[in-house]
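Chains, contacts and geometry: an overview
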Amino acid sequence: MRIVAGSDHAGLALKDHLVARLRAQGHEVTDVGTTTAASCDYPDYAVAVGHAVAEGQAERGLLVCGTGQGMAMTANRIPGIRAAVVADTFSARSTRAHNDANVLCLGQRVVGAGLAEDIVDAFLSVPFEGGRHAGRVAKMMGNEGGKP
Ligand code: RB5
């Protein structure tokens, strides 16, 4: 799968760990940074990853910051992006199956590397169920920038 990954300084170690693991599994991973421990701004990486997914350069995005929250808030402002903050495997499976999430946001200060690996595995392997969920996702995406 083509995956685009990014982090700020607070997510660097986990992002680098997961990128290396994904590449070892055979995925085609583009790493947009950051690459150093220097303090930086998470929106820069969320925007880069979000646009890459929205424009079809990658099927899935992976974003890591301290909590995952700022990454998701930023990425979800980009049309076509459904970014989910996930800290457990049930939510990872559900947000793929029910929400067709296309960007996974993790918090390095929240989850350990082992749990993060399981979350990524679930996020990449579980398909969107469609059916009754398809109409709900379409309703969600049709409402970008609007009111219910
Ligand atoms: C950086 O200190 C931290 O605010 C950032 O990584 C992220 O957690 C924001 O949502």
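Criteria and cut-off values
- Residues numbered from 1 in each chain as written.
- Predicted model: local features only at pLDDT ≥ 70, side-chain atom pairs only at ≥ 80, totals over all residues.
- Heavy atoms only, no water.
- 1 Å grid on protein atoms, 1.4 Å probe; cavity = no way out; pocket = protein on both sides within 12 Å on 5 of 7 lines; lining within 4 Å.
- Points joined across faces, edges and corners; volume = space filled by probe spheres on them.
- Helix = DSSP H or I, 4+ residues; strand = E, 2+ residues; numbered from the N terminus.
- Near = heavy atom within 4 Å.
- Polar contact = N/O pair within 3.5 Å; in protein donor to acceptor, adjacent residues only side chain to side chain.
- Areas by Shrake-Rupley, 256 points an atom, 1.4 Å probe, with all protein chains shown as cover.
- Nonpolar A, V, L, I, M, F, W, Y, C, P; charged D, E, K, R; others polar.

**Some points on empty space enclosed by the protein**
Scanning the model with the defined rule gives one cavity of 30 Å³ or more in all. Within this model, the largest cavity holds a volume of roughly 40 Å³. Lining the largest cavity are Ile-3, Leu-22, Gly-61, Leu-62, Leu-104, Val-120, Phe-123 and Leu-124. Every element with two or more residues in the lining of the largest cavity is listed here: strand E3 (60–65) and helix H5 (113–125). Tallying contributions element by element places H5 first for the lining of the largest cavity, with three residues.

**Topic: the site of the ligand**
If you check the shell around the ligand, you find Asp-8, Ala-10, Tyr-42, Cys-65, Gly-66, Thr-67, Gly-70 and Arg-109 and nothing else. In the environment of the ligand, an oxygen atom lies 3.0 Å from a nitrogen or oxygen atom belonging to the backbone of Thr-67. The separation between an oxygen atom of the ligand and a polar side-chain atom of Arg-109 is 3.3 Å. In the complex, 72% of the free accessible area of the ligand, which totals 300 Å², lies under the protein chains. Classifying every residue of the shell around the ligand by side-chain character gives three nonpolar, three polar and two charged.

Any functional reading would require information that these geometric values do not contain.
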